[in-house]
Amino acid sequence: MRIPRIFSDIAVSFSNLRAQKTRTFLTALGIVFGVGSVIGMLAIGEGAKEESLRFIEQLGVRNILIESRPAMSAEEFQQRRRNSPGLTERDVRIVETNLESLETLSPRRTLHPQRVVPKPSGDVPELYGVRAAYAPIHSLKLMEGKFFSTNHDEQSAAVCVLGEKAKVSLLGYGKAVGQFVKVNDTWLEVVGVIGERVAASQAGGAGAHDVNNVVYIPLNTFQYRYWDRTSNMRDDLDGIDIRLKPGADSIDSSKIVNAILNSTHHNTQDFTVTIPAALLAQQQQTQRIFTYVMVAIAAISLLVGGIGIMNIVLATVLERTREIGIRRATGARRVDIVRQFLMESVLISVGGGLLGIAFGFGLSHSIAKFAEWKTIVTSASVIIAFGVSVVVGVVFGIYPAMKAARINPIEALRYE
């Protein structure tokens, strides 16, 4: 008997709501916007989380990144040189000798070229001088050809590997391996092309630029074939990228690296040491706080929607006081009255929740398209948002339903 009664209540409630289409729709809008906002905010958070994880993954959770800190003035640079030689090949040799957890490393030098041929269709790509170990350190994925080898580095070979954006900018969408590009006064043969990487500063490089718009060459090729006009204000190396052995503690290893460099640099703070594993933990904590705040803000819309449901159901109770009296006089119990009005508020919240899911998908798509912010709608976010909307309908519908059930049937029959 209960199941048919429930279907009967749903049919009656739906009929009552349909009789007031405009009012019902306006009441449901609060739930629609609330559910859509929750889904949209969670989609933004999930997209940011994935991008951050990709960024950290490319930095490498087993990596330690040493960066040279550029001096802000000639006076500061001269003051540093009184105590420290800056980041040099000597530091590389000392780290290689004293860091037991070291698997491999690559010194790094960078240069912004004056001339590039063919003429790039976008920004001029950066030039990176690195060892062959740079590719496994940063888990570079090659979409064409291969990365240069240790032999290329030892021979100072005029070869290069292009980032995806640099390849398209210089050589278009055709095959790149075997073609030549001229960087400043040196022709370089392209031996490989790297797939897209997360474009962010410090992603295994120095400075804020697009890490896909890079030309990689062997470090010895860089040192013997290129001259940096600003080198008198820079260290010999721009950075050292370190990969640790599996199972090594990156925090402890970074302390050893700091101690080594502080010793050779005489405690001059002309370098920074970045630990991607620590960045990952910090990012996860920040992401959780970010998600909680956004969801809390979006949930306010659901609260407002719930208040709207309570308000409209209270108004409906007042309008249908005589109907309530008739139903009570013909044998309806208080629980039947409660169930009837509670069903109406739940139907409003369910309908608003379903429309809100569609709105949330549309909102996420619009944010991704127009704000260029990656969004990911997960099934968990949809279930949570819809579930909360139903709970809101129940919670905010109880009071009006209980008030309707408490109406004295005799007074209700006299109500005009």
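Description of the structure in this document. (Residues numbered from 1 in each chain as written. Predicted model: local features only at pLDDT ≥ 70, side-chain atom pairs only at ≥ 80, totals over all residues. Heavy atoms only, no water.)

1. Some details on helix α9 (residues 250-264)
Working step 1: A rise of 1.5 Å per residue sets the reference length of α9, with its 15 residues, at 21 Å; its end C-alpha atoms lie 21 Å apart and thus fit the reference within 8%.
Working step 2: When α9 is considered as a whole, its buried residues turn out to be Ser250, Ser253, Ser254, Val257, Ile260, Leu261 and Thr264. One side of α9 carries all its buried residues, which in axial view fall inside an arc of 120 degrees. The exposed set on the far side of α9, more than 90 degrees from its buried face, consists of Lys255 and Ser263.
Working step 3: The N-terminus of α9 is capped by Asp249, whose side-chain oxygen sits 2.9 Å from the backbone nitrogen of Ile251.
Working step 4: Directly after α9, the chain includes His266, whose backbone phi takes a positive value near 55 degrees. (Helix = DSSP H or I, 4+ residues; strand = E, 2+ residues; numbered from the N terminus. Expected span 1.5 Å × (residues − 1). Buried < 20%, exposed > 50% of the residue type's maximum accessible area, 1.4 Å probe, protein only. Arc of directions from axis to C-beta. Polar contact = N/O pair within 3.5 Å; in protein donor to acceptor, adjacent residues only side chain to side chain.)

2. Concerning the packing of helix α4 (residues 89-98) against α9
Working step 1: Two elements in contact, α4 and α9, have axes separated by 10 Å at closest approach and are oriented at 140 degrees. Considered as vectors, α4 and α9 are oriented oblique to each other. Seen from above, α4 lies across α9 with right-handed handedness. Contact with α4, carried on its side by Arg90, Asp91, Ile94, Val95 and Asn98, involves Ile260, Leu261 and Thr264 of α9 and no other residues of that element. (Axes fitted to C-alpha atoms, helices over the stretch in contact; angles between N-to-C directions. Parallel < 35°, antiparallel > 145°, perpendicular 65-115°, else oblique. Left-handed = near helix turned anticlockwise from the far one by under 90°. Contact = heavy atoms within 4.5 Å.)

3. Examining the pairing of strand β11 (residues 271-274)
Working step 1: Only one face of β11 is buried: it carries Phe271 and Val273, and the other face, with Thr272 and Thr274, is open.
Working step 2: Where strand β1 (residues 63-68) and β11 come together, four bridges link them in antiparallel fashion. Its bridge partner lying in β11, Ile66 is registered against Val273. (Pairing = 2+ DSSP bridges.)

4. Quick look at the nonpolar core
Working step 1: Ranked by internal contacts, the top residues of the largest apolar core, which has 28 residues, are Val35, Val317, Ile324, Ile337 and Phe341.
Working step 2: Where this core is concerned, the elements lending two or more residues are α2 (21-59), α10 (276-319), α12 (334-370) and α13 (379-405).
Working step 3: No other element matches α13, which puts seven residues into this core.
Working step 4: With near-sequence residues (within four places) excluded, Val317 lies in contact with Ile324, Phe341, Pro400, Ala404 and Ile407. (Core = buried A, V, L, I, M, F, W, Y, C linked by side-chain atoms within 4.5 Å.)

5. What about unusual backbone geometry?
Working step 1: A cis amide bond links Val117 with the next residue in sequence, Pro118, at an omega value of 0 degrees.
Working step 2: Residue placement: Pro118 occurs in the loop between β3 (116-117) and β4 (126-130).
Working step 3: For His266, which is not glycine, the phi dihedral falls at a positive 55 degrees.
Working step 4: Turning to its location among the elements, His266 is positioned in the loop between α9 and β11.

6. Brief notes about the pattern of salt bridges
Working step 1: Summed over all chains, the structure comprises nine salt bridges.
Working step 2: The residue Asp185 makes a salt bridge to Arg115 at a minimum N-O spacing of 2.7 Å. Here Asp185 is found in the loop between β7 (180-183) and β8 (186-194), whereas its partner Arg115 is found in the loop between β2 (102-111) and β3, with 70 residues between them in sequence.
Working step 3: Taking relative accessible area as the criterion, Arg115 reaches 40% and is therefore assigned partly exposed.
Working step 4: Overlapping salt bridges bring together Arg62, Glu103 and Arg243 as one network. (Salt bridge = Lys/Arg side-chain N within 4 Å of Asp/Glu carboxyl O.)

7. Topic: the packing of aromatic side chains
Working step 1: Overall, the coordinates contain six aromatic pairs when judged by the stated rule.
Working step 2: Ring geometry for Phe33 and Phe359: centres 5.5 Å apart, planes at 75 degrees, overall edge-to-face. Note that Phe33 is positioned in helix α2 and Phe359 in helix α12, a separation of 326 residues in sequence.
Working step 3: When the centroid spacing of 4.4 Å and the interplanar angle of 35 degrees are considered together, the rings of Phe147 and Phe148 count as tilted. Considered together, Phe147 and Phe148 belong to a single accessibility category, that of buried residues.
Working step 4: Taken together, the ring pairs connect Tyr128, Tyr134, Phe147, Phe148 and Tyr216 into an aromatic cluster. (Phe/Tyr/Trp six-rings, centres within 6.5 Å; stacked < 30°, edge-to-face > 60°.)

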